[in-house]
Amino acid sequence: MTDVSNGVLHTLFHSDQGGHEQVVLCQDRKTGLKAVIALHSTALGPGLGGTRFYPYASEEAAVADALNLSRGMSYKNAMAGLDHGGGKAVVIGDPLRDKTEELLLAYGRFVDSLGGRYVTACDVGTYVADMDVVARTCRWTTGRSPENGGAGDSSILTAFGVYQGMRASAEHLWGDPSLAGRRVGIAGVGKVGHHLVGHLLAEGAEVVVTDVRADAVRQVLDRHPSVRAVEDTEALIRVEGLDVYAPCALGGALDDDSVPVLTASVVCGAANNQLAHPGVEKDLADRGILYAPDYVVNAGGVIQVADELHGFDFERCKAKAAGIYDTTLAIFARAKSDGIPPAAAADRIAEQRMHEGALARGW
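Reading the values: rules and limits
Residues numbered from 1 in each chain as written. Predicted model: local features only at pLDDT ≥ 70, side-chain atom pairs only at ≥ 80, totals over all residues. Heavy atoms only, no water. Phe/Tyr/Trp six-rings, centres within 6.5 Å; stacked < 30°, edge-to-face > 60°. Buried < 20%, exposed > 50% of the residue type's maximum accessible area, 1.4 Å probe, protein only. Lys NZ or Arg CZ within 6 Å of the ring centre and 35° of its normal. Helix = DSSP H or I, 4+ residues; strand = E, 2+ residues; numbered from the N terminus. Polar contact = N/O pair within 3.5 Å; in protein donor to acceptor, adjacent residues only side chain to side chain. Contact = heavy atoms within 4.5 Å. Patch = residues over 30% accessible without salt bridge, like charges linked within 9 Å, V, L, I, M, F, W, Y side chains within 5 Å. Areas by Shrake-Rupley, 256 points an atom, 1.4 Å probe, with all protein chains shown as cover. Salt bridge = Lys/Arg side-chain N within 4 Å of Asp/Glu carboxyl O. Pairing = 2+ DSSP bridges. Axes fitted to C-alpha atoms, helices over the stretch in contact; angles between N-to-C directions. pLDDT = per-residue confidence, 0-100. Core = buried A, V, L, I, M, F, W, Y, C linked by side-chain atoms within 4.5 Å. Parallel < 35°, antiparallel > 145°, perpendicular 65-115°, else oblique. Left-handed = near helix turned anticlockwise from the far one by under 90°. Nonpolar A, V, L, I, M, F, W, Y, C, P; charged D, E, K, R; others polar.

Peer 1: Can you help me understand the packing of aromatic side chains in this one?
Peer 2: For any pair of aromatic rings, the description consists of the separation of the ring centres together with the inter-plane angle of the planes. Within this structure, the stated rule accounts for three aromatic pairs. Ring centres of Tyr54 and Tyr56 lie 5.1 Å apart, and the angle between their planes is 70°; this geometry places the pair in the edge-to-face category. For Tyr54, a relative accessible area of 32% translates into the label partly exposed. Its end group placed over the ring of Phe53, Lys99 keeps NZ or CZ at 5.8 Å from the ring centre. Between Arg139 and the ring centre of Trp140, over which it is positioned, the NZ or CZ distance is 4.3 Å.

Following this line, the structure appears as structure tokens:
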């Protein structure tokens, strides 16, 4: 057995990041498909989570990402009040070069073979049009276009939910949910980030942005001339007078290098898995920085795609996503009462709901 397999098995069966119910390795030689589907928990219902299409440096890195992301979805869906467990899939490859209709159809067949234990949707590198293709071979597909019975772009409600999390953070820290006059830095203005810019400007916030893609920044500046751009994330986290930092790109944004120099008083963003390793949440708390747990505030998108399974209604979804404000405040209150960081408080609440779900199923 290779070192890669040993690493994967150790993670699954022995590490704190394991405990997954099922991991499926998918390969279709004809189309070049190599994918991993990870189901962390189905205690609350079928696993629900997106499909990430990404050029991982190794198969081991892809498996590790699927495990981590699916575990996060269990907690996210529990905190969002959904009757879904956590699942996630990753496709190994460059979406600009390797993604084909035939590959997506093959992927859909693998998801369908799970018989509804996993429900897929969009994620980094996949879009509504891709889900329309996957749905041709898999009924357990959400995030489809309205023309194909879906809800369309889930990033709209993801951004709305993050905005509600920011308002709750402002209420908790400053006694007023208004973000008017607050300086907010957004790292990543793609699918979600550019919608978040609009919410903040409408309320009168000052917005500073950065993105590794110059075209994404240019689109925001062209549409919103009052927005200021900085060169990179390193510059953004050091912006003087920053009130809120919103990581909205890939995970791991909060680490041993960034936390000590972060000027913001609040961290609230759309990126998944923002804490680079255990202990970062305590480092933030020790510096007096309020952290709104990522999987709580970015749940608007999963609320939207889950609703597709029951006949999509945007206003119903938006009302549920607005509840992220109250959920975030409840987490801050629990953190204060238990004397723990907000990330730990959110985990406790989610784990309790999953435990109750398992008991209800007789597990």
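Peer 1: When you look at the side chain of Thr142 in this model, what are you seeing that I'm missing?
Peer 2: Among the structural elements, Thr142 can be located in the loop between α5 (128–134) and α6 (155–174). Here Thr120 takes part through its backbone oxygen, which lies 2.9 Å from a polar atom of the side chain of Thr142. Once you skip the residues sitting within four places of it in the chain, Thr142 turns out to touch Leu48, Val119, Thr120, Ala121, Met131, Val305, Glu308 and Leu309.

Peer 1: Can you walk me through unusual backbone geometry in this structure?
Peer 2: The phi angle of most residues is negative, glycine excepted, and most peptide bonds adopt the trans form. If you check the backbone angles, Asn273 has positive phi at about 50° while not being a glycine. Relative to the helices and strands, Asn273 resides in the loop between β11 (266–267) and α10 (280–286). Given the relative accessible area of 23%, Asn273 is considered partly exposed.

Peer 1: Would you explain the environment of Thr42 in this entry?
Peer 2: Its location among the elements puts Thr42 in the loop between β2 (33–41) and β3 (47–48). The exposure class of Thr42 is buried, given its relative accessible area of 6%. Distance in space between the C-alpha atoms of Thr42 and Val24 is 15 Å, their sequence separation being 18 residues. Among residues more than four places away in sequence, those in contact with Thr42 are Glu21, Gly47, Gly85, Arg117, Arg361 and Trp363.

Peer 1: So what exactly am I meant to see when it comes to the side chain of Ser145 here?
Peer 2: One can find Ser145 in the loop between α5 and α6. We classify Ser145 as buried; its relative accessible area is 7%.

Peer 1: Explain a nonpolar patch on the surface here, please?
Peer 2: Together, Tyr54, Val124 and Leu250 make up an exposed nonpolar region whose accessible area comes to about 220 Å². On the secondary structure map, Val124 appears in the loop between β6 (118–119) and α5. Since its relative accessible area comes to 33%, Val124 is described here as partly exposed.

Peer 1: Help me out: how do you make sense of the sheet that holds strand β9 (residues 228–229) in this one?
Peer 2: Within a sheet, adjacent strands bond to each other through the backbone by hydrogen bonds, running parallel or antiparallel. The six strands are arranged β9-β8-β7-β10-β11-β12 in an open sheet whose pairing can be described as parallel. Edge strands, defined here as strands with exactly one partner in the open sheet, are β9 and β12 (290–291). Note: β11 against β12, two bridges, orientation parallel. Residue pairing for β12: Val267 is matched across the bridge by Tyr291. Packed on one face of the sheet, helix α7 (residues 193–203) meets β7 (183–187), β8 (206–210) and β10 (244–247) and runs near 170° to β7.

Peer 1: What is the right way to read the confidence of the model for the protein chain from this model?
Peer 2: One rule of thumb: low pLDDT means the predicted coordinates there are not for detailed reading. Looking at the protein chain as a whole, the pLDDT averages 94, with 97% of positions reaching at least 70. Confidence drops under a pLDDT of 50 for residues 1–5, and excluding neighbours within four residues, the segment shows three contacts in the predicted structure.

Peer 1: It is not clear to me how the nonpolar core should be interpreted in this structure. Could you clarify?
Peer 2: Nonpolar side chains tend toward joint burial in soluble globular proteins. In terms of nonpolar packing, the biggest core is built from 47 residues, with Met166, Ile186, Val189, Leu196, Val197, Leu200 and Val209 touching the most fellow members. For Ile186, the contacting residues outside a window of four places in its chain are Gly193, Leu196, Val197, Leu200, Val207, Val208, Val209, Thr210, Leu236, Ala246 and Cys248.

Peer 1: Looking at this structure, I do not really get the pattern of salt bridges. What am I missing?
Peer 2: Evaluated as defined, the whole model comprises 19 salt bridges. As a salt-bridge pair, Arg348 and Asp338 come within 3.1 Å of each other at their nearest N and O atoms. A residue pair is termed long-range when its members are at least 10 positions apart, and Arg348 in helix α15 (residues 342–360) and Asp338 in helix α14 (residues 324–338) qualify at ten residues. The structure contains a network of salt bridges with shared partners spanning Arg52, Asp65, Lys88 and Asp123.

Peer 1: What's the story with the environment of Leu201 in this structure? I'm lost.
Peer 2: By the element assignment, Leu201 lies in helix α7. In this structure, the C-alpha to C-alpha distance between Leu201 and Ala333, residues 132 residues apart in sequence, is 28 Å. Those residues in contact with Leu201 that lie beyond four places of it in its chain are Val207, His224, Ser226 and Val227.

Peer 1: Looking at this structure, I do not really get the packing of α6 against helix α13 (residues 314–322). What am I missing?
Peer 2: A pair of packed helices is captured by two measures, namely the crossing angle of their axes and the spacing between those axes. For the pair α6 and α13, interaxial distance at closest approach is 9 Å and the crossing angle is 30°. In terms of orientation, α6 and α13 fall into the roughly parallel class. Along this stretch, α6 crosses α13, giving a crossing that reads as right-handed. Each of Ile156, Leu157, Phe160, Gly161 and Gln164 in α6 lies in contact with α13, whose residues at this interface are Phe314, Cys317, Lys318, Ala321 and Ala322. Residue classes in the contact of α6 with α13 are distributed as seven nonpolar, two polar and one charged.

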